[in-house]
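Observations on chain architecture
Here are the chains, one letter per residue:
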Number of protein chains: 2
Amino acid sequence: MTRLNDRLTAMEQHNALLEDQLRQLPLPIVPAFRAGDGVRAVSFDATGDVLSTADAARVAEMFPQTTVANAGKVLHGGAPLAQRPSGKRVAVLFSGGPAPGGHNVVVGLKQMLGSDNLLLGVRGGPKGLLNGRLEPVTDADVAKIRNSGGFDYLGTDRTKIKTAEQFAKVREVAVKNALDAIVIIGGDDSNTNAAVLAEELFANVHADGRGVQVIGVPKTIDGDLQLGDLLPISFGFDTATRIYAEMVGNILQDSRSSLKYWHFVKLMGRAASHVTLEVALQAKPAITLISEEIAAKKLSLADIIEQIAQTVVSRAAKGIHHGVLLVPEGLIEFVPEVKSLIDALNEVLAHADGFAALDEAAKRAFVAGKLDAAHAALFASLPEYIQDMLLADRDSHGNLQLSLIPTEQLLVDMTRARLKQIDAKIPFATQCHFFGYEGRCGAPTLFDAAYTLNLGLTAGALILAGKTGYMASIGNLFGGGVPLAIPLAGLLNIERRHGSEAVVIEKALVNIDAPAMQYFVSRRAEWAQADLFASPGPRQFWGPVASQVPLSVALNRKADDVLFRFGEV
Amino acid sequence: MTRLNDRLTAMEQHNALLEDQLRQLPLPIVPAFRAGDGVRAVSFDATGDVLSTADAARVAEMFPQTTVANAGKVLHGGAPLAQRPSGKRVAVLFSGGPAPGGHNVVVGLKQMLGSDNLLLGVRGGPKGLLNGRLEPVTDADVAKIRNSGGFDYLGTDRTKIKTAEQFAKVREVAVKNALDAIVIIGGDDSNTNAAVLAEELFANVHADGRGVQVIGVPKTIDGDLQLGDLLPISFGFDTATRIYAEMVGNILQDSRSSLKYWHFVKLMGRAASHVTLEVALQAKPAITLISEEIAAKKLSLADIIEQIAQTVVSRAAKGIHHGVLLVPEGLIEFVPEVKSLIDALNEVLAHADGFAALDEAAKRAFVAGKLDAAHAALFASLPEYIQDMLLADRDSHGNLQLSLIPTEQLLVDMTRARLKQIDAKIPFATQCHFFGYEGRCGAPTLFDAAYTLNLGLTAGALILAGKTGYMASIGNLFGGGVPLAIPLAGLLNIERRHGSEAVVIEKALVNIDAPAMQYFVSRRAEWAQADLFASPGPRQFWGPVASQVPLSVALNRKADDVLFRFGEV
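Residues numbered from 1 in each chain as written. Chains lettered and ligands numbered in written order. Predicted model: local features only at pLDDT ≥ 70, side-chain atom pairs only at ≥ 80, totals over all residues. Heavy atoms only, no water.

What about the overall build of chain A?
Put simply, the test is: Secondary structure counts use DSSP, requiring at least four H or I residues in a row for a helix and at least two E residues in a row for a strand, with both numbered from the N terminus. Throughout, exposure labels follow a simple rule: accessible area from a 1.4 Å probe, protein chains only, divided by the maximum for the residue type, with under 20% read as buried, over 50% as exposed, and the rest as partly exposed. Note on contacts: a residue pair is in contact if any heavy atoms of the two residues lie within 4.5 Å. Counting rule for charge: Lys and Arg are taken as positive, Asp and Glu as negative, and neither His nor the chain ends is counted. The location of each charge is read from NZ of Lys, CZ of Arg, CG of Asp or CD of Glu.
Within chain A, the regular secondary structure consists of 22 helices and 17 strands. Dimensions of chain A along its principal axes, counting C-alpha atoms only, are 75 × 60 × 55 Å. Among the 569 residues that make up chain A, the fraction classed as buried is 62%. For chain A, the share of sequence-separated contacts (at least 6 apart) that also reach a separation of at least 24 residues comes to 78%. Here chain A contributes 54 positively and 61 negatively charged side chains, and the mean placements of these two sets differ by 3 Å.

Section: the environment of Glu495 of chain A
Residue and element names in this part refer to chain A. Among the structural elements, Glu495 can be located in strand 16 (residues 492-497). Judged by its relative accessible area of 34%, Glu495 is partly exposed. Remark: the alpha-carbon pair of Glu495 and Glu506, spanning eleven residues in sequence, is separated by 9.4 Å. Dropping the residues within four chain positions of it, Glu495 is found in contact with Ser500, Glu501, Ala502 and Val504.

Some points on the pattern of salt bridges
Between side chains of opposite charge, pairing is possible as soon as their charged atoms come close. All names here are of chain A. The condition that has to hold: Counted as salt bridges are all cases of a side-chain nitrogen of Lys or Arg within 4 Å of a carboxyl oxygen of Asp or Glu.
Counted according to the given criterion, the structure contains 48 salt bridges over all chains. With a shortest N-O distance of 3.1 Å, Arg364 and Asp388 are connected by a salt bridge. Here the residue Arg364 occupies a position in helix 16 (residues 360-370), and Asp388 occupies one in helix 18 (residues 384-390), the gap between them amounting to 24 residues. Under the relative-accessibility criterion, Arg364 is labelled buried at 16%. Judged by relative accessible area, Asp388 falls into the partly exposed class, the value being 21%. Each of Arg58, Glu61, Arg496 and Glu501 takes part in a single network of salt bridges with overlapping partners.

Describing the interface of chain A and chain B
Just so we agree on the cut-off: As a working definition, buried area equals the accessible area (1.4 Å probe) given up by two parts on being put together, with both sides summed. Counting of polar contacts relies on pairs of N or O atoms within 3.5 Å, with two restrictions inside protein: one atom must be capable of donating a hydrogen and the other of accepting it, and residues adjacent in sequence are counted only when both atoms are side-chain atoms.
Residue-level contacts link 77 residues of chain A with 77 residues of chain B. For the pair chain A and chain B, the summed buried area comes to about 6,700 Å², and 60% of that belongs to carbon and sulfur atoms. The tally of links between chain A and chain B comes to eight salt bridges. A salt bridge links Glu12 of chain A to Arg523 of chain B, with the shortest nitrogen-to-oxygen separation between them at 2.8 Å. For the pair chain A and chain B, the number of links is 44 residue pairs in polar contact (both at pLDDT 80 or more).

Looking at the domain arrangement of chain A
Residue and element names in this part refer to chain A. The condition that has to hold: Domain segmentation is taken from an automatic or database assignment of domains.
Splitting chain A by domain gives domain 1 (15-236 + 444-506) and domain 2 (239-439). Each of domain 1 and domain 2 has a C-alpha centre, and the two are 37 Å apart. In this complex, domain 1 contributes twelve residues to the contact, which on the side of domain 2 involves eleven residues. Counting the surface lost from both domain 1 and domain 2, the interface buries some 870 Å², and carbon and sulfur atoms represent 49% of this. Taken as a group, Ile221, Asp222 and Thr445 account for 55% of the area that domain 1 buries against domain 2, more than any other trio of residues on that side. Here domain 1 and domain 2 share zero salt bridges between them. Applying the counting criterion to the domain 1 and domain 2 interface returns five residue pairs in polar contact (both at pLDDT 80 or more).

So, the packing of helix 13 (residues 301-317) of chain A against helix 21 (residues 515-529) of chain A
Residues and elements named next belong to chain A. The criterion, for reference: Axes here mean lines fitted to C-alpha atoms, for a helix over just the part in contact, with angles spanning 0 to 180 degrees between N-to-C directions. Oblique is the label for every angle not falling under 35 degrees (roughly parallel), over 145 degrees (roughly antiparallel), or within 65 to 115 degrees (roughly perpendicular). Each residue is assigned to one of three groups, with Ala, Val, Leu, Ile, Met, Phe, Trp, Tyr, Cys and Pro labelled nonpolar, Asp, Glu, Lys and Arg labelled charged, and all others, Gly among them, labelled polar.
Running from amino to carboxyl end, helix 13 crosses helix 21 at an angle of 50°, the nearest separation of the two axes being 8 Å. By the angle class used here, helix 13 and helix 21 are oblique. Residues Thr311, Ser314 and Arg315 of helix 13 pack against Trp527, Ala528 and Gln529 of helix 21. Residues belonging to the contact of helix 13 with helix 21 are distributed by class as follows: two nonpolar, three polar and one charged.

What about the sheet that holds strand 4 (residues 73-80) of chain B?
Residue and element names in this part refer to chain B. Heads up, the condition is: When DSSP finds two or more bridges between a pair of strands, those strands are recorded as paired.
In spatial order, the strands read 3-4-15-14-9-8-5-6-7; together these nine strands make up an open sheet with mixed pairing. At either end of the open sheet lies a strand with only one pairing partner, and these are strand 3 (42-50) and strand 7 (134-136). Averaged over neighbouring strand pairs, the angle between their axes works out to 30° when direction is ignored. As paired strands, strand 3 and strand 4 are joined by five bridges and run antiparallel to one another. When the bridges of strand 4 are listed, Phe44 appears paired with Gly77. The strands that helix 9 (residues 188-200) touches are strand 8 (181-186), strand 9 (213-218) and strand 14 (470-475); relative to strand 9, the one it contacts most, it runs at about 165°. Where helix 20 (residues 446-464) meets the sheet, its contacts fall on strand 3, strand 5 (89-94), strand 8, strand 9, strand 14 and strand 15 (482-487), and the angle it forms with strand 14 comes to roughly 135°.

As for the side chain of Asp157 of chain A
All names here are of chain A. Assignment of secondary structure puts Asp157 in the loop between helix 7 (139-145) and helix 8 (164-176). Among buried charged residues, Asp157 stands out as having no salt bridge; its nearest opposite-charge side chain is Lys127, 5.4 Å away. Engagement of the side chain of Asp157 in a polar contact is seen with the backbone nitrogen of Lys127, the distance being 3.2 Å. Looking at Asp157, its side chain comes within polar contact range of the side chain of Thr159, at 2.4 Å. Discounting residues that sit within four places of it in the chain, Asp157 has contacts with Phe94, Ser95, Gly96, Gly124, Gly125, Pro126 and Lys127.

A look at the confidence of the model for chain A
Threshold: Predictor confidence is given residue by residue as pLDDT, running from a minimum of 0 to a maximum of 100.
Here chain A averages 95 in pLDDT, and 99% of its residues register 70 or above. Scored as a complex, the prediction yields pTM 0.97 and ipTM 0.96.

Some thoughts on the relation of the copies chain A and chain B
Rules: When the copies are overlaid, the least-squares fit takes in C-alpha atoms only where the residue has pLDDT of at least 70 in both copies.
Structural alignment of chain A on chain B gives an RMSD of 0.0 Å, achieved by rotating through 180° and translating 0.0 Å along the axis. Such values leave the two copies arranged in the relation of a two-fold axis. Comparing interface residues between copies, 100% of those in chain A also sit at the interface in chain B, which points to an isologous, same-surface contact.

Topic: the packing of helix 15 (residues 336-350) of chain A against helix 17 (residues 373-381) of chain A
Residue and element names in this part refer to chain A. Where helix 15 contacts helix 17, the axes come no closer than 10 Å and their chain directions differ by 105°. As far as their axial angle goes, helix 17 and helix 15 are roughly perpendicular. Together, Glu337, Val338, Ser340, Leu341, Ala344 and Leu345 of helix 15 and His375, Leu378 and Phe379 of helix 17 make up the contact between the two elements. Each residue belonging to the contact of helix 15 with helix 17 can be placed in one class, and the counts come to six nonpolar, two polar and one charged.

Quick look at helix 8 of chain A
All names here are of chain A. So the rule is basically this: To estimate how far a helix should extend, the number of its residues minus one is multiplied by 1.5 Å. Regarding the arc, it is the one traced by the directions from the helix axis to the C-beta atoms.
When the terminal C-alpha atoms of helix 8 are compared, their 18 Å separation across 13 residues agrees well with the 18 Å that a helix rising 1.5 Å per residue should span. Listing the buried residues of helix 8 in full gives Gln166, Phe167, Val170, Val173 and Ala174. Around the axis of helix 8, the buried residues are gathered within 125° of arc, so they sit on the same side. Residues Ala164, Glu165, Glu172 and Lys176 are exposed on helix 8 and point more than 90 degrees away from its buried face. Against the buried residues of helix 8 lie helix 6 (125-130), strand 7 (134-136), strand 8 (181-186) and helix 9 (188-200).

Side note on helix 5 (residues 102-113) of chain B
Residue and element names in this part refer to chain B. Its twelve residues place the ends of helix 5 17 Å apart at the C-alpha level, agreeing with the 16 Å of an ideal helix rising 1.5 Å per residue. Listing the buried residues of helix 5 in full gives Gly102, His103, Asn104, Val105, Val106, Val107, Gly108, Leu109, Lys110, Met112 and Leu113. The first or second residue beyond helix 5 is Gly114, which carries a positive phi of 70°.

A short note on unusual backbone geometry
Note: most residues except glycine have negative phi, and most peptide bonds are trans. Here Lys558 of chain A, not a glycine, exhibits a phi torsion of approximately 55°, which is positive. With respect to the helices and strands, the residue Lys558 of chain A is situated in the segment after helix 22 (551-556). Positioned with a positive phi, Lys284 of chain B is a non-glycine residue whose angle comes to about 60°. Locating Lys284 of chain B in the fold gives a position in the loop between helix 11 (274-283) and strand 11 (287-288).

Examining the pairing of strand 5 (residues 89-94) of chain A
Residue and element names in this part refer to chain A. The cut-off we apply is this: If you view a crossover with the strands going away from you and the path from the first strand over the helix to the second runs clockwise, you call it right-handed.
Of all six residues that make up strand 5, five are buried, and the element is covered over most of its length. The sheet contact formed by strand 5 and strand 6 (residues 118-122) spans four bridges and is parallel. Along strand 6, the bridge assignment pairs Val90 with Leu119. Following the backbone out of strand 5, through helix 5 (residues 102-113) and into the adjacent parallel strand 6, one traces a crossover that is right-handed. Two elements, strand 5 and strand 8, share five bridges in a ladder whose sense is parallel. Across the sheet, the residue bridging to Ala91 is Ile182, located in strand 8.

Things to note about the packing of aromatic side chains
Describing an aromatic ring pair means giving the distance of the ring centres and the angle of the ring planes. All names here are of chain A. Rules: Centres within 6.5 Å make a pair out of two Phe, Tyr or Trp rings, where for Trp the six-membered ring is used; the pair is then stacked when the planes are under 30 degrees apart, edge-to-face when over 60, and tilted otherwise. Comment: the charge-over-ring label is applied if NZ (Lys) or CZ (Arg) is within 6 Å of the ring centre and within 35 degrees of the ring normal.
Enumeration according to the criterion identifies 18 aromatic pairs over all chains in this entry. Between Trp262 and Phe264 the ring centres are 6.5 Å apart and the planes differ by 65°, which places this aromatic pair in the edge-to-face class. We note that Trp262, like Phe264, is buried. Judged by centre distance (6.1 Å) and plane angle (55°), the rings of Phe520 and Trp527 are tilted. The exposure class of Trp527 is buried, given its relative accessible area of 1%. Ring pairing ties together the aromatic residues Trp262, Phe264 and Phe428, which thus form one cluster. Across from the ring centre of Tyr153, 5.6 Å away, lies the NZ or CZ of Arg123, which sits over that ring.

Here's what the structure looks like:
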């Protein structure tokens, strides 16, 4: 027994059986980087692709140096680099919410930089950069974090670097640490940050006039940072959706085993519905709501509830009193009338002195008197707890914290009310779920593990090749894989709000005309009427199904298989 | 693209990549049953173990036939059966909540009965038995459900068979279907049902005086149906705890990545804390509450909150503002003063005419006036929404529906209140989770898949050997595995309530003196003070970690490894 006790204690600190084995798992490397048992640096050449947005002219004014240097051209990694630099000092940081695979970006970066360049890890995200919390990334560190989930090696935060004071601090840290480059692993906001920093640090940071190179790496479980064949998907999306799809598949099995519950499942994913669509493609539940489609079709909340209620009714007619519904976290903002109501409420509340002091019934009465008839009717149709949430304090920007609204419960309650009108005898027992945090830090799938290792190699190769203002990517996922560099300035749009300008990388929403959505639309009526679901199960790291890719990515990239062939020549 | 669309559509109805591969996965069979490529029936002989409870005398009166026939003796499968019967007609049903591995019990049963006996599946649990919903289990059925999670092949329900009218119905169905045996796959209640039916159907069911054999199979994710070396664990526990442990491990990684949340996680498992203890052993979070220990130490709610708050404070002193707490679903009933308060409230409410008509404030005031000082003080210390729940309508038995109380939220709110008293500046941002339904129907781990296949083989072998009133089990899990038969009457206790007697199999609670709990106690102070957690990750079906067993089972059985060696000779 003592021996077993010791064995269990040895599993502490990331030494569970699986964690130990995953560290040893070999990963494919794209052909461009392969050199014997190791990796090699490459030069980057222009592909035919040139990126720009409708705001290109204004962006060129705001980002003169990186715009001129990169000219919007997408690059791909090619021939071995003629002269491989050494002595470079590179900082890497995580930014925003964690996503599976982040650790392998660091592993790939370290491997490409090799022992003759120095990699420094920034503790605690952008805030850590401002505070100069840099420490060398050792060989022991990368051996330990290889193929593990989470950002816990370095930590992360959501600080946005945008003020002159912050820029000065970054310069100071860069000088103090003699940095040649910074790699920012993050989502759309963080890569916007990377674009801004690349311009800001383009030159004249160090005494000799040199700048600091800045490279972004596309992370987000939400899948809203993607760009067709040039960036098929952000890293983390595959792992997160596989985790959610397992849970949803398990619940589907449960619904058909217990034969008594409708499960309403809300899935993380901020604005876009990519996560929900992917999980639906994998598990095929009875009902899936896609925000972008609801917005495009201008559906009302009553329309949505009617669709749900009619599905419950038609299944009940066949004796099926169970089912699973998927709803994306961001749904409520995509229902045009609800968005309009929230805007109207914001307007009313902005001019309602003493409102906070009223009790809840008085608040509701006050507001009802100020809204137009359509808004007032919609407001009155909502459950009281939702009315109260809509009248709650706004955040510091005057916005409602929509993420707090329990959309899944709202849909349950409104569907129940509608069912009572249709036929009070239809059974409708429910369970609600929200899957989010469970998916952000799981051990990366083989796809995400390999993808991120190669993204790290690409980021390192871009630094060795002297590039700045690019986001690393890997193209040709269903072939051997090609390292790509996407010019960040070519992705920027200008958002004008309250008279001021802000640059943003626009979130990629679900394209309702793309193959993934079209396939879903072609099957969903069948899924609604009978239990045709699958239970995709836990992701595997060994055996015959380990190389699966997201189904939506395979569909949208018009692949002929659902397995990646990354690293094959 | 059309080819990929077709491929995706082919995945419907349980044909996800993993599901298709799992159907092909070979499983070990215990030596006693192995015969070439197939299986053989065996005779069952007495081991030295004899089972009885303190209520044995009364049980013998109530169960005269099975008590005499089985004499409390535990049997083990041994030599090949001299004369293998054919033409037997056997019904199998799921009872109670689903658990991973149930399908493989059916697969094993079918395999042992072979083509010369008939297996009938009962649709919709015990209620389906009463209604005679029996259909043959075909070879195609077992090929399809092999190694899949859930009870969805047959469905389940929670009907308790106990009235004379129900017994008559079962006899009628048994005669109509010419049944020789019934196999009930279920938990403690369902196996109590099996014991009762075995006695009831012992003889004189059919015209020739024959009875119907009844065999139970020990299922429950809760782990509260176990009996030392004779029944190391019920099936489903391993898979469910591995699913929860992955989620908790992912959230631990997230907590240390995002560096800002305390996650309070409630885990399914009714009364006992086995699930929570196992997940704690696997993931090693900062705080884990074990109900049985709290009851044994007679801790108050304030004691528990103080422990939590002090851990938050001491971690904060080291700059750690995150953590994970695990709480078993049944906690609240194990806190002696809360149990006492609920009893007192039940008493007050039983004699409070017109109470339901009062508004909530008036209800609280009314009750406060009727409680003694200690109860009133405890009641007043609870958040208002909990007070309201404690005053809500009782169920038809006059009991409070404790499962509706959001224990995790209660602990968050009371800890927050206590922290404000200690030091209002300590950060305490929180997220709450409940994991339950996700774990009941996942694809069974290799352990559960092999265990249930062999439980099915054992149940089948017991039927072929002419036994009744036994529960199938497998002993010697860390060796090759031995089929066991546990006499159900030897497990029964008498529960006297409201003047009437009911037989029950007592739930096995966590033994706080057993090795698993002792090991947990020896490490938890360290886990509380620093992040020593592991992230056990998704269960694997191939590769080096596929044969892991529950750590609590390995500890309590004094195994020298955490891998099972089932089926090895």
